[in-house]
Amino acid sequence: MARASLPILIAFLVAFGGNAAHAVFPESGDSEIERPPIYYSGIKAIEDGDYAKGLEIMQSFVDEDPQDADAWALIGFSLRKTKRYVDSEHAYQKALEADPKNLAANAYAAKLYLETGRVQEAEQKLVVLGELCAGGKGCEERERLAGMIEVYKKTGKVGSDW
């Protein structure tokens, strides 16, 4: 089985018709993991906005590999996009149990916290993203989250990205 990183996959999806600009999918803490094609089918469904299909695919994936933090983060993402906040938070917790430094899970959980009015918890994730940035990854996500928190504090509204 081939090894692929998420950034390469996203570039592939953009080049061949995927809509990577529509969702974030930050690189995970473990950027190269061997995964079956079904995983990438789940990403494609989520990228296309078919959260129910993506959720179903990713759920079947974690049934086989319950320690895959990226898959759990994508489950959380799909659940959050369908306003299933409690289930989404549970999925992010599973991702962070598997990999506390998972960029996607930390960034997405912060967005969930803002969407549910929990600014202090979002700010705690901002600190985590700052630590990841100091280690060389997640700087863009940290800046985006800082901006989202600032806007939320001023307006009570959450931006639509992520």
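Enquirer: Would you mind going over the state of the cysteines with me for this structure?
Expert: Here a disulfide denotes a covalent bond joining the sulfur atom of one cysteine to the sulfur atom of another. Taken as a whole and assessed by the stated rule, the structure comprises one disulfide. Between Cys133 and Cys139 runs a disulfide, and the two sulfur atoms are separated by 2.0 Å. Measuring handedness by torsion sign, the sulfur bridge of Cys133 and Cys139 sits at about 95° and is right-handed. Exposure remark for Cys133: the relative accessible area of 22% places this residue in the partly exposed category.

Enquirer: Would you take a moment to explain helix α3 (residues 51–64) for this structure?
Expert: Along an α-helix, residues three or four apart share an orientation, since each turn contains 3.6 residues. Its 14 residues give α3 an end-to-end C-alpha distance of 20 Å, which sits within 8% of 20 Å, the value for a rise of 1.5 Å per residue. Contacts made by the buried residues of α3 are with α2 (37–47) and α4 (69–81).

Enquirer: Would you mind going over the packing of helix α7 (residues 119–134) against helix α8 (residues 139–155) with me for this structure?
Expert: Axis angle and axis distance: for two packed helices, these are the angle between their axes and the distance between the axes, and together they describe the pair. Remark: α7 packs on α8, axes separated minimally by 9 Å, with the N-to-C direction vectors making an angle of 160°. Accordingly, the angle class assigned to the pair α7 and α8 is roughly antiparallel. With respect to the hand of their crossing, α7 and α8 are arranged in left-handed fashion. Every residue of α8 that contacts α7 at Val119, Ala122, Glu123, Lys125, Leu126, Leu129, Gly130 and Cys133 is listed here: Cys139, Glu141, Arg142, Leu145, Ala146, Ile149, Tyr152 and Lys153. Across the contact of α7 with α8, the residue classes tally to 10 nonpolar, one polar and five charged.

Enquirer: Where do I start with the confidence of the model for the protein chain in this structure?
Expert: Low-pLDDT portions of the prediction should not be read for the details of their coordinates. For the protein chain, mean pLDDT is 84; residues scoring 70 or higher make up 80% of the total. In the model, residues 1–24 has pLDDT below 50 throughout and makes 45 contacts with residues more than four positions away in sequence or in other chains.

Enquirer: Looking at this structure, how should I read the packing of helix α5 (residues 85–98) against helix α6 (residues 103–115)?
Expert: Where α5 contacts α6, the axes come no closer than 10 Å and their chain directions differ by 155°. Here α5 lies roughly antiparallel to α6, going by the angle between them. Between α5 and α6 lies a crossing whose hand is left-handed. Note on element contacts: α6 touches α5 through Ala105, Asn106, Tyr108, Ala109, Leu112, Tyr113 and Glu115, opposite Tyr85, Ser88, Glu89, Tyr92, Ala95 and Leu96.

Enquirer: Looking at this structure, how should I read the nonpolar core?
Expert: A general feature of soluble globular proteins is that nonpolar side chains tend to end up buried together. Core analysis: the largest hydrophobic core is formed by 41 residues, its most contacted members being Tyr39, Met58, Ile75, Leu114, Leu145 and Ile149. Breaking this core down by element, the ones donating at least two residues are α2, α3, α4, α5, α6, α7 and α8. Here this core takes 10 residues from α6, the largest share from any one element. Leaving out residues up to four positions away in the same chain, Leu145 has contacts with Ala110, Leu114, Ala122, Lys125, Leu126, Leu129 and Trp162.

Conventions adopted
Residues numbered from 1 in each chain as written. Predicted model: local features only at pLDDT ≥ 70, side-chain atom pairs only at ≥ 80, totals over all residues. Heavy atoms only, no water. Disulfide = S-S within 2.5 Å. Buried < 20%, exposed > 50% of the residue type's maximum accessible area, 1.4 Å probe, protein only. Helix = DSSP H or I, 4+ residues; strand = E, 2+ residues; numbered from the N terminus. Expected span 1.5 Å × (residues − 1). Contact = heavy atoms within 4.5 Å. Axes fitted to C-alpha atoms, helices over the stretch in contact; angles between N-to-C directions. Parallel < 35°, antiparallel > 145°, perpendicular 65-115°, else oblique. Left-handed = near helix turned anticlockwise from the far one by under 90°. Nonpolar A, V, L, I, M, F, W, Y, C, P; charged D, E, K, R; others polar. pLDDT = per-residue confidence, 0-100. Core = buried A, V, L, I, M, F, W, Y, C linked by side-chain atoms within 4.5 Å.

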